[in-house]
Amino acid sequence: MEDRFDGKVTRTAPGEAPMQDRPPQEEPARQYYFIEKCRQHVLEESRRLGHPLTASVVTFGCQMNARDSEKLSGILERAGYALTDSEEADFVIYNTCTVRDNANQRVYGRLGFVHSMKKKNPHKRVALCGCMMQEPSVIEKIKTSYRFVNLIFGTHNIFKFAELLCAMYENDRMVIDIWKDTDQIVEELPVSRKYPFKSGINIMFGCDNFCSYCIVPYVRGRERSRRPEDILREIRTLAAQGVVEIMLLGQNVNSYGRHLERPISFAQLLREAEQIDGIERIRFMTSHPKDLSDELIEVMASSDKICRHLHLPLQSGSTRILQAMNRRYTKEQYLALAEKIRSRIPDISLTTDIIVGFPGETEADVEETIDVVRKVRFDNAFTFLYSRRTGTPAATMEDQVPREDAQAGFDRLLSCVQETAREQVARLSGQTQAALVEEVNDRDPSLLTGRLSNNIIVHFPGSPSLIGRIVNVELLENRGFYFVGRMAP
Ligand code: 5AD
Ligand code: SF4
């Protein structure tokens, strides 16, 4: 991709003298120009300090953020940094999440910790990016209480990271660049993937749903889809590099393609992605129940590559609360949808997200949610205590639920979720299933960790040389949410 770099000498207009060092206007050439410039800064600083410069990207939050961090890492690597997992690094960047307040608090905790390290190593640089930075109150707090931070940017201009990195090297003061929104999508920037054999792929950005509790539409902006040809080209490139499993990412993948010049449905995109040789497994995340089409169910049912897993956030089982959440489906519609999916794809695993303690929620509402969990028999559910996010409609609703009441409902729900999940997972006991081997087990190095098509984890003895391969595993022992097994002969 180096060939995209336009060179440092560009002409302005015929007859004018060439201007030294002028960055190109068009993307991604502009960013490749700044990557080269960063390389010089990194080289100079590492000479000055007498060691190769290290960088660490610390990620909070969802799969989208994990993918963004791979893009940041790709640029850091190209700029000459050695990547490390340690926050002792010369440059640390925190990719933040703000979906619930505890994510914010964790970031402030890390900042306190990194400040003490910076006192010992004054050359250390610190950057912040991601969803939390799109909130003006956060920026104010950092400007007053965390003045040692060198660089801050948001979710809309992450593609400009190389340019911002240069600005950081060329300024002594805190560099802050936050955009309110964008419709720009920049393709073909470098990426450094965490796993060689599997990869996330953004298919769309932002969200237009405005669920009343959720801050995402405010911090990630309006929904915009990448063009299918760009997505498919990226998948082909990944397949050529040895990737066997892809995860298509968007806040609401079921509305993919609606606003494109030539509209296309998510199901159609999946059909095309399936044709690509080398790709053995396709996952996607997240589906909104209101937009899940029969066409998608059919494509999944007839596919060998699309994984037997659907993450379908319920949020609440009470129609009254769902309405206040602006989810645009009822309890009965959700149940009917889950039933339709289970009858068409019997081996599917259904997982969900549930919020407890939304304003106005009563014990009876929580019982409705528990009723849905029992009826749908989720294979797993992520349960969250409602977190009040400033700027969302729910934050100013009356009847905010006291913390103790929410916690009591949460505990009741959690025990029901655990019970149904254990039963669901148990039905696989004794079966032999294909698992993609992901890593050596971090507690017991004689074991490998693999992932089944339905997203369930299995640990089994085997050689690390199998990492990245799909192998058949007998599921011997159910340990709640995961299995212990052995490779099938
Ligand atoms: N409080 C608690 N949970 C929330 N989520 C989103 N916003 C909030 C909030 N304000 C949960 C939803 C969503 C998941 C990613 O996070 O369940 O599906
Ligand atoms: Fe938030 Fe709802 Fe959009 Fe999901 S669909 S990101 S919960 S607003």
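Residues numbered from 1 in each chain as written. Chains lettered and ligands numbered in written order. Predicted model: local features only at pLDDT ≥ 70, side-chain atom pairs only at ≥ 80, totals over all residues. Heavy atoms only, no water.

This brings us to the site of ligand 2. Inspection of the region around ligand 2 gives C207, N209, F210, C211, Y213, C214, V216, P217, Q251, H288 and R327 as its neighbouring residues. Class assignment of the residues belonging to the shell around ligand 2 gives a composition of 7 nonpolar, 3 polar and 1 charged. (Near = heavy atom within 4 Å. Nonpolar A, V, L, I, M, F, W, Y, C, P; charged D, E, K, R; others polar.)

The strands that make up a sheet are held in pairs by hydrogen bonds between backbone atoms, and each pair lies either parallel or antiparallel. Here we have 3 strands laid out as an open sheet, ordered β9-β12-β13, and parallel in their pairing. Among the strands making up the open sheet, the edge pair consists of β9 (198–202) and β13 (281–285). The mean inter-strand angle of the sheet, taken between neighbouring strand axes irrespective of direction, is 20 degrees. For strand β12 (residues 245–249) and β13, the ladder comprises 5 bridges, and the chain directions are parallel. Residue pairing for β13: I246 is matched across the bridge by I282. Relative to the sheet, helix α2 (residues 63–78) contacts β9, β12 and β13, its axis offset from that of β9 by approximately 100 degrees. (Pairing = 2+ DSSP bridges. Helix = DSSP H or I, 4+ residues; strand = E, 2+ residues; numbered from the N terminus. Axes fitted to C-alpha atoms, helices over the stretch in contact; angles between N-to-C directions. Contact = heavy atoms within 4.5 Å.)

Next up on the list: α2. Over its 16 residues, α2 extends 23 Å from the first C-alpha to the last, a length consistent with the 22 Å expected when each residue adds 1.5 Å. Of the residues making up α2, those classed as buried are M64, N65, R67, D68, S69, E70, L72, S73, G74, I75 and L76. A positive backbone phi angle near 105 degrees is found at G80, which sits one or two residues after α2. (Expected span 1.5 Å × (residues − 1). Buried < 20%, exposed > 50% of the residue type's maximum accessible area, 1.4 Å probe, protein only.)

Glancing now at the pattern of salt bridges. Here the structure, examined in full by the defined rule, presents 37 salt bridges. The partner of E45 in a salt bridge is R48, with the nearest N and O atoms 2.9 Å apart. With E45 and R48 both in helix α1 (residues 29–49) and 3 residues apart, the pair spans about one turn of that helix. In this structure E45 comes out as buried when scored by relative accessible area, which is 5%. Among the ionic pairs, E188 bridges to R233, the shortest N-O distance being 2.7 Å. Placement of E188 in the loop between β8 (175–177) and β9 and of R233 in helix α7 (residues 228–240) is noted, with a sequence separation of 45 residues between them. What makes R233 partly exposed here is its relative accessible area of 35%. Shared partners join several salt bridges into a network, and the residues in it are R67, E70, E187, R226 and E234. (Salt bridge = Lys/Arg side-chain N within 4 Å of Asp/Glu carboxyl O.)

Before going further, it helps to examine unusual backbone geometry. In this structure, P28 follows E27 across a cis peptide bond, with omega equal to 5 degrees. At Q315, a residue that is not glycine, the phi angle is positive and equals roughly 70 degrees. Assignment of secondary structure puts Q315 in the loop between β14 (309–311) and α10 (319–324). Notably, N326 is not glycine yet its phi reads approximately 60 degrees, a positive angle. Looking at where N326 falls in the secondary structure, it is placed in the loop between α10 and α11 (331–344). Since its relative accessible area comes to 29%, N326 is described here as partly exposed.

Turning to helix α8 (residues 266–274), its buried residues are F266, A267, L269, L270, A273 and E274. An end-on view of α8 places all buried positions within 155 degrees of arc, on one side of the element. (Arc of directions from axis to C-beta.)

Let's shift gears to the side chain of D90. Checked against the element boundaries, D90 lands in the loop between β4 (82–83) and β5 (91–96). Comment: no salt bridge for buried D90; closest opposite-charge side chain is K124, at 7.1 Å. Of note is the side chain of D90, whose polar atom sits 2.8 Å from the backbone nitrogen of T54. (Lys, Arg positive; Asp, Glu negative; His and termini not counted. Polar contact = N/O pair within 3.5 Å; in protein donor to acceptor, adjacent residues only side chain to side chain.)

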